[in-house]
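Below, each chain spelled out in residue letters.
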Amino acid sequence: MAYEVIQLTKENGVAVITLNRPPVNPLNSQMFRELALAADELQADASVKAIIVTGGGEKAFAAGADISEIADLTPVEVYSFNQISRTAFDKLESLDKPVIAAINGFALGGGCELALCCDFRLASDTAKFGLPEVGLGIIPGGGGTQRLPRLIGMAKAKELIFLNDIIDAAAAERLGLVNNVVPANLLMEEAQKLARKLSSKPAVAMSMAKSAINAGINMDLNSALIFETKSFVTAFTSEDRKEGLGAFMKKRKPNFTGK
């Protein structure tokens with residue numbers, strides 16, 4: 001389909017979603033709807049093995065929600081806006097393929113929350129992160145109060161949210177908010193390299209591992225272990241399991257087909 005405020009490209013099993021409202025790519029309801037549609041398209045496309053999300057231009061990944069759209073909304077209208085954004089974020093997070101955020105500048109508010117929905121976060125050395133909502137008299141509403149403490153711990157999440165400080169990429173890496181920091185001119189190259197590496201992995205096992213981790217973290221340990229066992233058994237039914245174990249036994253490189 002045709003997108004207006006995002007760009008979607010696919011090449012060699014890797015899809016790239018580019019937020020396309022430069023210079024700072026503010027997140028509005030149209031962008032959220034298009035992100036949700038793109039997630040549906042990529043979920044259904046078996047040729048896509050890994051996904052990169054990035055921001056158009058060099059200034060920002062996404063510098064938060066589009067304040068011009070939400071500033072004068074009623075509480076009921078704000079709730080509707082929030083449901084649109086949640087649908088997009090949930091769909092991206094629940095894709096059964098690995099998703100990489102390539103963060104090329106400011107990732108503030110909703111932009112930071114969008115990055116939290118991804119499985120990997122690669123940041124340029126010029127990237128900045130923050131959740132400024134409390135300073136505006138509101139709170140993060142796109143998962144920041146829930147996904148962030150699960151990622152970096154409650155104490156540090158409260159520090160970022162309560163103080164609404166903007167931190168640089170190095171500080172984000174120390175907190176565990178991002179996986180790696182790379183020079184800005186190498187960001188997409190490194191993201192593509194990671195995507196290609198992930199694309200070479202067996203798709204069923206990747207999907208089962210992702211769902212086990214994402215679902216299990218919200219369960220008690222016993223329930224999570226039961227869920228893991230079911231996911232393990234599902235992965236064991238795949239053709240790639242036969243290929244992977246057979247290749248290991250014969251000491252050769254596996255040829256996975258994604259089935």
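Cut-offs and rules
Residue positions are counted from 1 within each chain, in the order its sequence is given. Local features in a predicted model are, by the rule used here, given only for residues with pLDDT of at least 70; side-chain atom pairs are given and counted only at 80 or more, and totals for whole chains, interfaces and linings are based on all residues. Excluding hydrogens and water, the side-chain values take into account all heavy atoms of the structure. Only runs of H or I of at least four residues qualify as helices and only runs of E of at least two qualify as strands under DSSP, and these elements are numbered from the N terminus. This radius of gyration counts C-alpha atoms alone. The globule rule is 2.2 Å times how many residues there are, raised to the power 0.38. The rule is simple: take the accessible area with a 1.4 Å probe, protein chains only, and divide by the maximum for that residue type; under 20% is buried, over 50% is exposed, in between is partly exposed. Computed with a 1.4 Å probe, the accessible areas rest on the Shrake-Rupley method; for each residue, only the protein chains presented here act as cover. Here the expected span of a helix is defined as 1.5 Å times the quantity of residues minus one. The directions considered for the arc are those from the helix axis to the C-beta atoms. A pair of strands is labelled paired if DSSP reports no fewer than 2 bridges between them. Among buried residues, the Ala, Val, Leu, Ile, Met, Phe, Trp, Tyr and Cys ones that are joined through side-chain atoms within 4.5 Å form a nonpolar core. In this description, contact between two residues means that some pair of their heavy atoms is separated by no more than 4.5 Å. Within the patch definition used here, like charges are joined within 9 Å and nonpolar side chains (Val, Leu, Ile, Met, Phe, Trp, Tyr) within 5 Å, considering only residues with over 30% relative accessible area and no salt bridge. Salt bridge, as used here: a side-chain nitrogen of Lys or Arg that lies within 4 Å of a carboxyl oxygen of Asp or Glu. Structural elements are reduced to axes, namely lines fitted to C-alpha atoms, with helices fitted over the stretch in contact, and the angle between N-to-C directions of any two is expressed from 0 to 180 degrees. Comment on the angle field: the value is read as roughly parallel under 35 degrees, roughly antiparallel over 145, roughly perpendicular from 65 to 115, and oblique elsewhere. By definition, turning the near helix anticlockwise from the far helix through less than a right angle yields a left-handed crossing, and turning it clockwise yields a right-handed one. Here the nonpolar group is Ala, Val, Leu, Ile, Met, Phe, Trp, Tyr, Cys and Pro; Asp, Glu, Lys and Arg are the charged ones; every other residue, Gly included, is treated as polar.

Asks: Explanation requested: the overall build of the protein in the structure shown.
Replies: Across its full length, the protein holds 11 helices and 10 strands. The globule rule puts the C-alpha radius of gyration for 259 residues at 18 Å, and the 19 Å found for the protein is close to it. The dimensions of the protein, computed from C-alpha atoms along their principal axes, are 60 × 40 × 35 Å. Counting all 259 residues of the protein, 42% fall into the buried class. Accessible surface, the protein as shown: approximately 13,500 Å² in total, 58% of it carbon and sulfur.

Asks: Sorry if this is basic, but what is going on with helix α3 (residues 75-93) here?
Replies: Taking 1.5 Å of rise per residue, 19 residues should cover 27 Å, and α3 covers 26 Å from first to last C-alpha, within 8% of that figure. For α3, the complete set of buried residues consists of F81, I84, S85, A88, F89 and L92. Down the axis, α3 shows its buried residues gathered within 125 degrees of arc, on one side only. Across α3 from its buried face, at more than 90 degrees, point the exposed residues P75, V76 and Y79.

Asks: Explanation requested: the sheet that holds strand β9 (residues 167-168) in the structure shown.
Replies: Strands in a sheet are paired, the pairing made by backbone hydrogen bonds, and the direction either parallel or antiparallel. Spatially, the four strands line up as an open sheet ordered β4-β6-β8-β9, and their pairing is mixed. Both outer strands of the open sheet, β4 (60-62) and β9, are each paired with one neighbouring strand and no more. Two elements, strand β8 (residues 128-130) and β9, share two bridges in a ladder whose sense is antiparallel. Looking at the pairing, K128 lines up with D168 of β9.

Asks: Sorry if this is basic, but what is going on with the nonpolar core here?
Replies: Nonpolar side chains tend to gather and get buried jointly when the protein is soluble and globular. Counting residues in hydrophobic clusters, the biggest one holds 51 residues, and the most contacted among them are I17, I103 and F129. When residues of this core are assigned to their parent elements, the largest contribution, seven residues, is made by helix α1 (residues 29-44). Residue contacts for F129: discarding those within four places in its chain leaves I103, A107, L108, A123, D165, I166, I167, D168, A169, A172, L177 and V178. Residues A102, L187, A191 and L198 belong to the second largest nonpolar core, which totals 12 residues.

Asks: How should I be thinking about a nonpolar patch on the surface in this particular structure?
Replies: A surface patch of nonpolar side chains, about 390 Å² in accessible area, is lined by F232, V233, F236 and L245. Considering each element in turn, the nonpolar patch owes the most residues, three residues, to helix α10 (residues 221-236). Looking at the secondary structure, you find L245 in helix α11 (residues 239-250). What makes L245 partly exposed here is its relative accessible area of 44%.

Asks: Quick question: what am I supposed to make of the packing of helix α5 (residues 144-152) against helix α6 (residues 154-163) here?
Replies: When two helices pack together, you describe them by how their axes are tilted relative to each other and by the distance separating the axes. Put simply, α5 and α6 touch, their axes get as near as 7 Å, and they point 135 degrees apart. The angle between α5 and α6 places the two elements in the oblique class. Of the two elements, α5 crosses α6, and the hand of that crossing is right-handed. Between α5 and α6, the residues in contact are G144, T145, L148, P149 and I152 and M154, K156, A157, L160 and I161, respectively. Considering only residue class, the contact of α5 with α6 consists of seven nonpolar, two polar and one charged.

Asks: Explain the environment of V48 here, please?
Replies: With respect to the helices and strands, V48 occurs in the loop between α1 and β3 (50-55). A sequence separation of 130 residues divides V48 from V178, and the C-alpha atoms of the two residues are 24 Å apart. Sequence-distant contacts of V48, that is, excluding residues within four places in its chain, are made with K10, G13, A15, L42 and K97.

Asks: For this particular structure, what's the right way to read the pattern of salt bridges?
Replies: Two side chains that carry opposite charge are able to pair once their charged atoms sit near each other. Across all of its chains, the model carries 10 salt bridges by this definition. Note that R147 and D90 form a salt bridge whose closest N and O atoms lie 3.1 Å from each other. Here the residue R147 occupies a position in helix α5, and D90 occupies one in helix α3, the gap between them amounting to 57 residues. Taking the relative accessible area as the measure of exposure, R147 reaches 16% and is therefore buried. For D90, a relative accessible area of 28% corresponds to the partly exposed category. Within the structure, one salt-bridge network assembled from shared partners comprises R86, D90, E93 and R147.

Asks: Looking at this structure, how should I read the side chain of S231?
Replies: With respect to the helices and strands, the residue S231 is situated in helix α10. When sequence neighbours within four positions are dropped, the list of residues in contact with S231 reads M208, S211 and A212.

Asks: Quick question: what am I supposed to make of α1 here?
Replies: Each α-helix turn comprises 3.6 residues. Residues three or four places apart therefore point the same way. Taking 1.5 Å of rise per residue, 16 residues should cover 22 Å, and α1 covers 23 Å from first to last C-alpha, within 8% of that figure. Along α1, the residues classified as buried are S29, M31, F32, E34, L35, A36, A38, A39 and L42. Elements in contact with the buried residues of α1: β1 (6-11), β2 (14-19), β3, α2 (67-70) and α3.

Keep in mind these values describe shape, not function.
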